[in-house]
Amino acid sequence: MIPPSSSTASKYTMDRKLGDGTSHQVSANSERHHLHGNRHSGIMKIARLSAAIALAILVLLSLSHLSFLSWTNPRWSPTNETPPLTKDRLNKKEEDGFNWANITPNPPPIQWQSCFDNELDCARLDLPMDWQQAEATDDSTSGCRVILAISRLRAAVPSDSPDYRGPIIFNPGGPGGSGIWSLRDHGKDLQTIVGTNYDIISWDPRGIGASTPRIDCWASAQDRVYWDLQDPGVMDAHEGTVYHAFARAAAYSQVCERNLEESGILEHSSTAYHARDLLAILEAMGEEKLKYWGFSYGTVLGGTFAAVYPNRVGRMVNDGNVDYEEWYNGTYLNFLHDTDKVMEAFYTFCHSAGPDRCSFHASSPHAIKSRLDALLTKLRTHPILIPQGQSSSSPADPAEPYHVPSLVTYSHIRRMLSTALYQPILRFRQIALVLSSLEAGDALPYHHYTLSDAPPPGPPSSPPTTCQADDTLPRLLMFEEEESNPDASSAVMCSDALPFTSTPHDFALYAQHLLNMSQAAGAVQASFRLSCAGRTVRPRWDPLDASSLEVFKDVKTAHPVLFINNEYDNVTPLISARKNARGFRGARVLVQRGSWGHTSLAAPSFCMARAVRGYFEGGMGEVPGEGRECWGDVVPFGDGEDGEEGVERRGGGGDEDGELRRAVWRLARRRRRLGGF
C-alpha cells in the first residue's frame, strides 16, 4: 500500500506544535432530566438501587472465578489491601523461590549473585532517574533513583577462556516487555543461536517488572479489572465506539498521571532514558562495545542507542523493525502495511492444507474468507453464550466451570484474530478449530484458547508516592513475574511521540483510515495511538530532534548494523526495515522470505539463525552480502509444524546444526501474549 500523500496524511497526523498549552477535555457528564412528582422519584430511586445491587453482584461474581473478560488466575483475590509482610510470609516467599528483595541494589560495577535455582545470575543496579542531573542538586527529582533488575545466562565457557566472547544483551520489545521474564523463558534458545560462548543478558527497563519504581497506573489490581470490564470493544464494533474509546483513553491517561505524579517516573521513561540505561549497564559490566539483539520495540531502542552512541556499537541486530520516523512522530500509519497479507496467508494455506490440517477449510481461499465474514457478521448481533456451570467434558482439561454466564462477541473474535497474526505457525491451526466450533455454537474452544493469553495478576499494592525507587520494596517482596507491563508500554510510547493534539473527530478519521488499510486488524490496532489521548506529562530529557529526526540520518556506527525482517510482518513491515537501514552507513537488510508473523521468532528459519550467528561471530562484525536472503522452514498449516520431532525425523541429529534447528523451532512454538510492538 502506498502511503498517503502529504495533503491526505494531514488529516491523520498530529499537530507538531504544543499550541497554547490547553488540552481537549472530555466530559463524562450527561444531561440530566428532572423528574417531577414523588411517585416517579420513588420509583426511580428503587430502580437505581436495584440496578446497582445487581451490577455489584455480577461484578463480584465475575471477579471471583475464571472469566475470559478478566484475568484468569483462580488464586488471585480482588482486594485493595496488601497482606502484611510478616516474617512467616517472607520466609514462605524464600521457600517458594528466588526473591529480588534479597539482592542489595548497588551502583556500578554490577555485583552478580546466583538466582533462580542457580540457573542465572542476577543483580540490581542503582542509577540516576534523571540522566541530565546524575549528581544531586536542589532540583526536586535530581536525587531520585531507579533500580534496574538485570539477569545473566552464563556462557558455557569461563570468562577467562580464550573462547569466551563476552555478553550479548537483548530486549524483547513491548515497549513494556520484561527482559527477565524473556531470558528465563527463551534465553537458552537465543544463546544456542548466537553461540554458547556468549553470556546472554537482559533487564527489566525502568518502570517494568522487578525494576523500581514501577509504572502502575491503578491503585490496585481490582481497580484495573473494574476498568477492563467497561471496555467498549474494537473500533468498528458499533457506531460510537470510537468516541467512547477516546473518552476512555483520556480518562485512563488522567489516572496514570495523577497516581504517578509524585514518583517522577513518567517524565523519565522515554526510549532516550532506556538507551542511556543500556549504556550504563554496558559500562557497569566493564564493556566498551555493545553486542545487542532487539526485537520489535527493541529495534527502536537499538536504533536510538546506535544513533546517540554510534561509537559504542559492536554488533547490533534489529529484528522486526518499527518505523523510527512514525514512532517518534506518533503517526502510526504504515505499521499495518502488510497486516492483511498475513491474514490472507490464513485463507491460502488453510485451503492448501486440506480439512485434516485446517478445521475451517472450504473449497477456495475466497470461500474461507467468506465463511469467516459470515461468522463475524452473525456475532455482531448474536454473541455466543457460555452458560453458567458449563465446562469442558475432557478430564484432562483443567478449566473450571463458569459461575456466571459469559458471552463471546464480535470484539472478542476480532482481537483473537489480530493476536493470531503475530504467530501464524503456532496459532493458525488453533484458531481454525476455534472458528469452526463457534460456527456450531460452541464457545468453549475459544475460552480454552484465550486462557493462556490472559495476563497474570498485577502487583497488590498501590503506585509509588515518592521518587525513591525502593519505596516499592513491599511490592517487590510479593512480586509475581510479568511478561509485560501495559501501563509502561503506553508511558514510553507517549513520551517518545509528539504531543497528542487530535480531537475526537480527528481520531475518528484516523481510525477509519486504519480500517481502510487493514480489514483484519485496523479496528483493533487503532488503540495504539489512542493510548496517548489526554497525556500532558512530557519527558525531561530529549536528545533526539523529534521534529526532523536528523539523528537517524547518515549515522556511522563503529560496526555496521544488521536489520532483519520477515517478508510479511503484521505490525513491523519490511518497508520499515528498509527505511530504517537507509539512515545507517554500511547497514544491511536481511529478508526472511516466505515467512509470516512478527519478528524472526515467529517463523523458524535455520538459514536466518546461521546468518545471525555468523554476524555475531564475524571478526569485524560483517553483515551478510548484498542481495542475500533467507527462507522460512515451513508455512502455516504445513507438515513441518510438528517441530522438534520433525527435525529428528529429517535427520537433525545431535550435531550443532541439529541443535540450531531445534532452537528455532522451540522459539516459534513458544506461545506469547502478544499485542503491540
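All values derive from a computational prediction rather than experimental measurement.

Caption draft 1: Region of interest: the overall build of the protein chain. Secondary structure assignment for the protein chain yields 23 helices and 12 strands. Taking all 677 residues of the protein chain together, the buried fraction comes to 56%. Put simply, of all contacts in the protein chain between residues at least 6 apart along the chain, 77% involve residues at least 24 apart. Of the accessible surface of the protein chain, which amounts to about 28400 Å², a share of 51% is contributed by carbon and sulfur atoms.

Caption draft 2: Seen up close, the pattern of salt bridges. Counted under the stated rule, the structure contains 27 salt bridges. A salt bridge links aspartate 216 to arginine 214; the shortest N-O distance between them is 2.8 Å. Comparing aspartate 216 with arginine 214, the two get one shared label, buried. Between glutamate 439 and arginine 371 there is a salt bridge whose closest N-O contact spans 2.7 Å. With glutamate 439 in helix α13 (residues 424-439) and arginine 371 in helix α11 (residues 365-381), this pair connects stretches of sequence that are 68 residues apart. Residue classification places glutamate 439 among the partly exposed residues on the basis of a relative accessible area of 33%. Judged by its relative accessible area of 22%, arginine 371 is partly exposed. A network of salt bridges, in which partner residues are shared, links Asp185, Asp189, Arg666 and Arg670.

Caption draft 3: Region of the structure containing the pairing of strand β11 (residues 588-596). The element β11 is extensively covered by neighbouring structure, given that 8 of its 9 residues are classed as buried. The sheet contact formed by strand β10 (residues 562-568) and β11 spans 6 bridges and is parallel. Considered in β11, the bridge of asparagine 565 is made with valine 591. Crossover β10 to β11 through helix α20 (residues 574-581) is right-handed. Pairing of β11 with strand β12 (residues 629-631), which is carried by 3 bridges, proceeds in the parallel orientation. By the bridge assignment, glutamine 592 is partnered in β12 with cysteine 630.

Caption draft 4: Structural detail: the confidence of the model for the protein chain. Predicted confidence across the protein chain gives a mean pLDDT of 81, with 74% of residues reaching 70 or more. Every residue in residues 1-47 scores below 50 in pLDDT, and together they form 39 contacts with partners more than four places removed in sequence or on other chains. Overall, residues 49-95 carries pLDDT values under 50, and its contacts beyond four positions in sequence, including any with other chains, amount to 70 contacts.

Caption draft 5: The arrangement of unusual backbone geometry in detail. Following proline 108, the chain continues to proline 109 via a peptide bond in cis, the omega torsion being 5°. On the secondary structure map, proline 109 appears in the loop between α3 (87-96) and β1 (113-115). Going from threonine 212 to proline 213, the amide bond is cis rather than trans, its omega being -5°. As for its placement among the helices and strands, proline 213 is situated in the loop between β5 (199-204) and α5 (221-228). One non-glycine residue with positive phi stands out, namely aspartate 117, at about 55°. Here aspartate 117 shows up in the loop between β1 and β2 (120-128). Positive phi values are uncommon outside glycine, yet serine 296 reaches one of about 60°. Along the chain, the position of serine 296 falls in the loop between β6 (290-295) and α8 (297-308).

Caption draft 6: Focus on the pairing of strand β4 (residues 167-171). Across the 5 residues of β4, 5 count as buried, placing the element largely inside the fold. Alternating positions in β4 separate into two faces, Pro167, Ile169 and Asn171 on one and Ile168 and Phe170 on the other, with burial throughout. One ladder, built from 3 bridges, connects β4 with β5; its direction is parallel. When the bridges of β5 are listed, proline 167 appears paired with aspartate 199.

Caption draft 7: Molecular detail of the packing of aromatic side chains. Inspection of every chain in the model, using the stated rule, returns 25 aromatic pairs. On the numbers, 6.0 Å between centres and 75° between planes, the contact of phenylalanine 346 with tyrosine 347 is edge-to-face. We classify phenylalanine 346 as buried; its relative accessible area is 0%. The exposure class assigned to tyrosine 347 is buried, which follows from its relative accessible area of 9%. For the pair phenylalanine 563 and phenylalanine 584, a centre-to-centre distance of 5.9 Å together with 45° between the ring planes defines the contact as tilted. Of this pair, phenylalanine 563 sits in strand β10 while phenylalanine 584 sits in the loop between α20 and β11, placing them 21 residues apart in sequence.

Caption draft 8: Inspection of the state of the cysteines at higher detail. For the structure shown, the criterion picks out 5 disulfides. For cysteine 350, the disulfide goes to cysteine 358, at an S-S distance of 1.9 Å. Here cysteine 350 and cysteine 358 share a disulfide; its torsion about the S-S bond, -85°, makes the bridge left-handed. For the residue pair cysteine 350 and cysteine 358, the accessibility class agrees, reading buried in each case.

Caption draft 9: View of the sheet that holds β12. One open sheet accounts for 10 strands, arranged β1-β2-β3-β5-β4-β6-β7-β10-β11-β12; its pairing is mixed. On the outer flanks of this sheet lie β1 and β12, each paired with one strand and no other. Shown here is a sheet whose adjacent strand axes are inclined to one another by a mean of 25°, direction ignored. Bridge count for β4 against β6 is 3 bridges, and the pairing is parallel. Bridged to phenylalanine 170 within β6 is tryptophan 293.

Caption draft 10: Representation of the nonpolar core within the structure. Of all hydrophobic cores here, the largest spans 135 residues; its most connected members are Phe346 and Ile413. With 9 residues, the top contributor of residues to this core is helix α7 (residues 271-284). Not counting chain neighbours up to four residues away, the residues in contact with phenylalanine 346 comprise Phe360, Ile368, Phe428, Ile431, Ala432, Leu435 and Phe637. Membership of the second largest hydrophobic core comes to 38 residues, among which are Phe116, Ala149, Phe170 and Leu183.

Analysis parameters
- Residues numbered from 1 in each chain as written.
- Predicted model: local features only at pLDDT ≥ 70, side-chain atom pairs only at ≥ 80, totals over all residues.
- Heavy atoms only, no water.
- Helix = DSSP H or I, 4+ residues; strand = E, 2+ residues; numbered from the N terminus.
- Buried < 20%, exposed > 50% of the residue type's maximum accessible area, 1.4 Å probe, protein only.
- Contact = heavy atoms within 4.5 Å.
- Areas by Shrake-Rupley, 256 points an atom, 1.4 Å probe, with all protein chains shown as cover.
- Salt bridge = Lys/Arg side-chain N within 4 Å of Asp/Glu carboxyl O.
- Pairing = 2+ DSSP bridges.
- Right-handed = clockwise from strand over helix to strand, strands pointing away.
- pLDDT = per-residue confidence, 0-100.
- Phe/Tyr/Trp six-rings, centres within 6.5 Å; stacked < 30°, edge-to-face > 60°.
- Disulfide = S-S within 2.5 Å.
- Axes fitted to C-alpha atoms, helices over the stretch in contact; angles between N-to-C directions.
- Core = buried A, V, L, I, M, F, W, Y, C linked by side-chain atoms within 4.5 Å.

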